[in-house]
Amino acid sequence: MKALGQTQFGGTEVLKEVSLPVPELRVTDLLVRVKAVGINPVDTKVRANVGGYGQFQQEEVLVTGWDGAGMVEEVGSAVGGRFRPGDEVFFAGDLSRRGCHAEYVVVDSRLAGRKPASLSFAESAAVPLAALTVWEGMLEGCGIPREPRPGNPQRALVVGGAGGVGTMAIQILSRVCGLQVVATASRRESAEHCRKMGASMVIDHYKNMKEQLAAAGIASVDYVLNTADPNTHFEALAALLAPLGKMCCLQPITKPVNLAPLFQRRISVVFEMMFARSMLRVSPEAQGAILDHVSMLLDAGTLRTPLVKKLPWTVAALAEAHALSETGRAIGKTVLAPV
């Protein structure tokens, strides 16, 4: 089968077209004919082995791209009746296995959800990793209820609201959970995107965030989703949290941090690594259930795809998408799919 891969770590120049055998199924796997692949920052980290992300791959030929949508071609012997050949699925997959930039990919059936009927394959492939990250990090990790609470709604701050995860976070937290969402963005176009997704207010994370909130009459927020490097803004974000507040970080804290100010206010800090369930074999079926629910919300119009840019499935387009992701200025999601 045709694939877009690499045989060494490096910049986008290492990406090339390769030929690989169709992967063999494990008993719980689906063999999926890939129709579209979403691009995420983790793809570039694995490609260049940034932060040791390349260590998760043991293959001689590395294939990135774990956000996928496609059609089931074959099912493993232990899949049961949940999926059959011909079903349309979407998934974020397993970082320790080859990604989706290939004609076929294998994915554990428990990690997959039913593709939204109302969305194209490209629109669907933009969703899984971002939606799972928000759902696991904020609804599971921070304990935010799935439905709005009566009375005055709580507030959440989404740092990096215009990115793929931020785009889904603004929608899920405001439209599903009923929270008032403040997003951060530093450019006019990214701020406009955040408002379009449902943010009630947008502030600039390069300026004093506490002063910007105070100017709008907001003393604190109840939740923070930090999609950026927590080593940069951790103390400033922690200071914005109300007593009993919770912060979710999507990257590790690698420098000494003074946690003492969090103690008296009983602040909680949680971490979200979306691939933890698949790589550590911890209740992988939970991701399939989340994606099925998100699929229903997308078909109902409650949520919308974060897809902003669609490119053809070529080496040149993959390099372009990786380069855009590495700027840190991408809005929404980029997806590679046949024209």
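Residues numbered from 1 in each chain as written. Predicted model: local features only at pLDDT ≥ 70, side-chain atom pairs only at ≥ 80, totals over all residues. Heavy atoms only, no water.

The protein chain goes by Zinc-type alcohol dehydrogenase-like protein in an unreviewed UniProt entry, where it is assigned to Stigmatella aurantiaca. Annotation of the protein chain in UniProt includes, under Sequence similarities (unreviewed entry), the sentence "Belongs to the zinc-containing alcohol dehydrogenase family. Quinone oxidoreductase subfamily." (UniProt positions renumbered as here; feature names shortened; annotations may be inferred.)

To continue, consider the domain arrangement of the protein chain. Segmentation of the protein chain into domains returns domain 1 (2-129 + 275-337) and domain 2 (142-271). Computed over C-alpha atoms only, the centres of domain 1 and domain 2 are separated by 27 Å. Taken together, the contact between domain 1 and domain 2 spans 14 residues of the former and 17 residues of the latter. Buried area between domain 1 and domain 2, summed over both chains or domains, comes out near 1300 Å², and the portion from carbon and sulfur atoms is 65%. Looking only at domain 1, the three residues that lose the most surface to domain 2 are Leu 303, Arg 304 and Ile 331, adding up to 40% of its buried area. At the boundary of domain 1 and domain 2, one finds zero salt bridges. In this structure, the connection of domain 1 to domain 2 is made through four residue pairs in polar contact (both at pLDDT 80 or more). Its residues assigned to classes, the side of domain 1 that touches domain 2 comprises seven nonpolar, three polar and four charged. (Domains from an automatic or database assignment. Contact = heavy atoms within 4.5 Å. Buried area = accessible area lost by both parts, 1.4 Å probe. Salt bridge = Lys/Arg side-chain N within 4 Å of Asp/Glu carboxyl O. Polar contact = N/O pair within 3.5 Å; in protein donor to acceptor, adjacent residues only side chain to side chain. Nonpolar A, V, L, I, M, F, W, Y, C, P; charged D, E, K, R; others polar.)

The subject of this paragraph is the sheet that holds strand S11 (residues 221-226). Read from one edge to the other, the open sheet built from six strands follows the order S10-S9-S8-S11-S12-S13, with strand pairing classed as parallel. Edge strands, defined here as strands with exactly one partner in the open sheet, are strand S10 (201-203) and strand S13 (268-271). The mean inter-strand angle of the sheet, taken between neighbouring strand axes irrespective of direction, is 20°. Inspection of the sheet shows strand S12 (residues 241-249) paired to S13 by four bridges, in the parallel sense. Bridge assignment links Lys 246 to a residue of S13, and that residue is Ser 268. Against the sheet, helix H3 (residues 128-141) makes contact with S11, S12 and S13, and its axis sits at roughly 150° relative to S11, the strand it touches most. (Pairing = 2+ DSSP bridges. Helix = DSSP H or I, 4+ residues; strand = E, 2+ residues; numbered from the N terminus. Axes fitted to C-alpha atoms, helices over the stretch in contact; angles between N-to-C directions.)

All right, on to the packing of aromatic side chains then. Under the defined criterion, the tally for this structure stands at two aromatic pairs. Between the aromatic rings of Tyr 53 and Phe 56, the centroid separation amounts to 6.1 Å while the plane-to-plane angle is 80°, which identifies the pairing as edge-to-face. Between Trp 66 and Phe 275 the ring centres are 6.4 Å apart and the planes differ by 75°, which places this aromatic pair in the edge-to-face class. Of this pair, Trp 66 sits in the loop between helix H1 (41-48) and strand S4 (67-75) while Phe 275 sits in the loop between S13 and helix H9 (276-280), and the two are 209 residues apart along the sequence. Under the relative-accessibility criterion, Trp 66 is labelled buried at 2%. (Phe/Tyr/Trp six-rings, centres within 6.5 Å; stacked < 30°, edge-to-face > 60°. Buried < 20%, exposed > 50% of the residue type's maximum accessible area, 1.4 Å probe, protein only.)

Membership of the largest hydrophobic core comes to 60 residues, with the highest contact counts inside it found for Met 138 and Ile 172. Discounting residues that sit within four places of it in the chain, Ile 172 has contacts with Ala 131, Val 134, Trp 135, Leu 139, Cys 177 and Leu 303. Judged by nonpolar contacts, the second largest core, of 24 residues, contains Ile 39, Phe 91, Val 107 and Leu 336. (Core = buried A, V, L, I, M, F, W, Y, C linked by side-chain atoms within 4.5 Å.)

What follows is about the pattern of salt bridges. Applying the stated rule across the entire model yields 16 salt bridges. A salt bridge links Arg 277 to Glu 136; its shortest N-O distance comes to 2.9 Å. Taken together, the residues Arg 277 in helix H9 and Glu 136 in helix H3 connect sequence positions 141 residues apart. For the pair Arg 277 and Glu 136, one class covers both residues: buried. The network of salt bridges with shared partners includes Glu 136, Glu 140 and Arg 277.

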